[in-house]
Amino acid sequence: MISNSPIPAVVAAGRMSTMEQPVLALPSGLELRPWHLSDADVLVAAGRDPGIRQWNRLLVESPEDARRRVERMHERWRGEVSAIWAIARPGGEAVGLIGWGDIDLAGGSAEIVYWILPAARGGGVVVEATKRVSAWALNDLGLHRLRLCHSVANPASCRVAEKAGYSLEGTMRSALLHADGWHDEHLHALVQGDI
């Protein structure tokens, strides 16, 4: 029998905007916390890092621009369209960024974004952080499907996806424009029940 009733939202509107963005502990002793205006210099440094710029569309030209970006992060949390954390030492400076963009509460999905400064690379921090925000998105927020997309020319992100339990679903041809042209992207996903 075909029902005339609409499909209910996976996560009710207002779920994020009525909660405070949590601080999430990582096994390494680092934490995921909301970005602060005092983190502006970290965003500027990230925007100047060639490795971050190669794979992310991060353009931060000044501390003032970085502070506006932090304010937008908080606005976008309240607007329920993204959830972005700083990867940081407790009480200390941010060393990276991770979170969810393109949040669709009604459809139950989101896409992960992340970067890490050079001094913090290579220790598994991004994998830890990916696992933690994935558990938060599925278990605490109640999303159903999470995406991790990256250029096929970025094997480090492929390793993050695999180690964090994301299944490779395929290759999206000519899917994202980078500074050096169009890149094919791998699509990885994690769904309710995978973890």
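In what follows, the accompanying structure is described. If you're wondering where the values come from, they're calculated on a predicted model, not measured in any experiment.

On to the packing of helix α1 (residues 40-48) against helix α3 (residues 63-78). Running from N to C, α1 and α3 point in directions that differ by 105°, and their axes come no closer than 8 Å. Here α3 runs roughly perpendicular to α1, going by the angle between their axes. Between α1 and α3, the residues in contact are A40, D41, L43 and V44 and P63, A66, R67, R69, V70 and M73, respectively. Its residues placed into classes, the contact of α1 with α3 shows 7 nonpolar, no polar and 3 charged.

Another point: unusual backbone geometry. Not every positive phi belongs to a glycine, and E80 is a case in point at roughly 60°. Within the secondary structure, E80 is located in the loop between α3 and β3 (83-88). Not every positive phi belongs to a glycine, and D102 is a case in point at roughly 55°. Secondary-structure assignment places D102 in strand β4 (residues 94-104).

This next bit is on the environment of L97. Tracing the sequence through the fold places L97 in strand β4. Accessibility expressed as a relative area gives 9% for L97, which makes it buried. Setting aside chain neighbours within four positions, we find L97 in contact with W35, M73, I84, W85, I87, V113, Y114 and W115.

Scanning all chains against the criterion turns up 7 salt bridges. Ionic pairing is found between D49 and R121, a salt bridge with its closest N-O pair at 2.8 Å. Here D49, found in the loop between α1 and α2 (50-55), pairs with R121, found in the loop between β5 (109-116) and α4 (125-141); they are 72 residues apart in sequence, far enough to count as distant. Look at D49 and you get buried, because its relative accessible area is 12%. Owing to a relative accessible area of 37%, R121 belongs among the partly exposed residues under this scheme. Here R68 ties to E64 by a salt bridge, and the two come within 2.8 Å at their closest N and O atoms. Taken together, the positions of R68 and E64, both in helix α3 and 4 residues apart, correspond to about one turn of that helix. The network of salt bridges with shared partners includes E64, D65 and R68.

Applying the stated rule across the entire model yields 4 aromatic pairs. Judged by centre distance (6.1 Å) and plane angle (50°), the rings of W35 and W115 are tilted. Remark: W115 occurs in strand β5 and W35 occurs in the loop between β2 (31-33) and α1; sequence separation between them is 80 residues. As far as the burial class goes, W35 and W115 line up, both buried. Here W77 and W136 contribute two aromatic rings whose centre-to-centre distance is 5.8 Å and whose plane-to-plane angle is 35°, an arrangement assigned as tilted.

Let us now look at the pairing of β3. Burial of β3 is extensive: 6 of the 6 residues sit out of reach of the surface. Here β3 shows two buried faces, one formed by A83, W85 and I87 and the other by I84, A86 and A88. Pairing of β3 with β4, which is carried by 6 bridges, proceeds in the antiparallel orientation. Following the sheet pairing, I84 is matched in β4 by G99. A loop of 5 residues connects β3 with β4, the two strands running antiparallel in sequence, and G91 in this loop sits at a positive phi of about 75°.

What counts as what
- Residues numbered from 1 in each chain as written.
- Predicted model: local features only at pLDDT ≥ 70, side-chain atom pairs only at ≥ 80, totals over all residues.
- Heavy atoms only, no water.
- Axes fitted to C-alpha atoms, helices over the stretch in contact; angles between N-to-C directions.
- Helix = DSSP H or I, 4+ residues; strand = E, 2+ residues; numbered from the N terminus.
- Parallel < 35°, antiparallel > 145°, perpendicular 65-115°, else oblique.
- Contact = heavy atoms within 4.5 Å.
- Nonpolar A, V, L, I, M, F, W, Y, C, P; charged D, E, K, R; others polar.
- Buried < 20%, exposed > 50% of the residue type's maximum accessible area, 1.4 Å probe, protein only.
- Salt bridge = Lys/Arg side-chain N within 4 Å of Asp/Glu carboxyl O.
- Phe/Tyr/Trp six-rings, centres within 6.5 Å; stacked < 30°, edge-to-face > 60°.
- Pairing = 2+ DSSP bridges.

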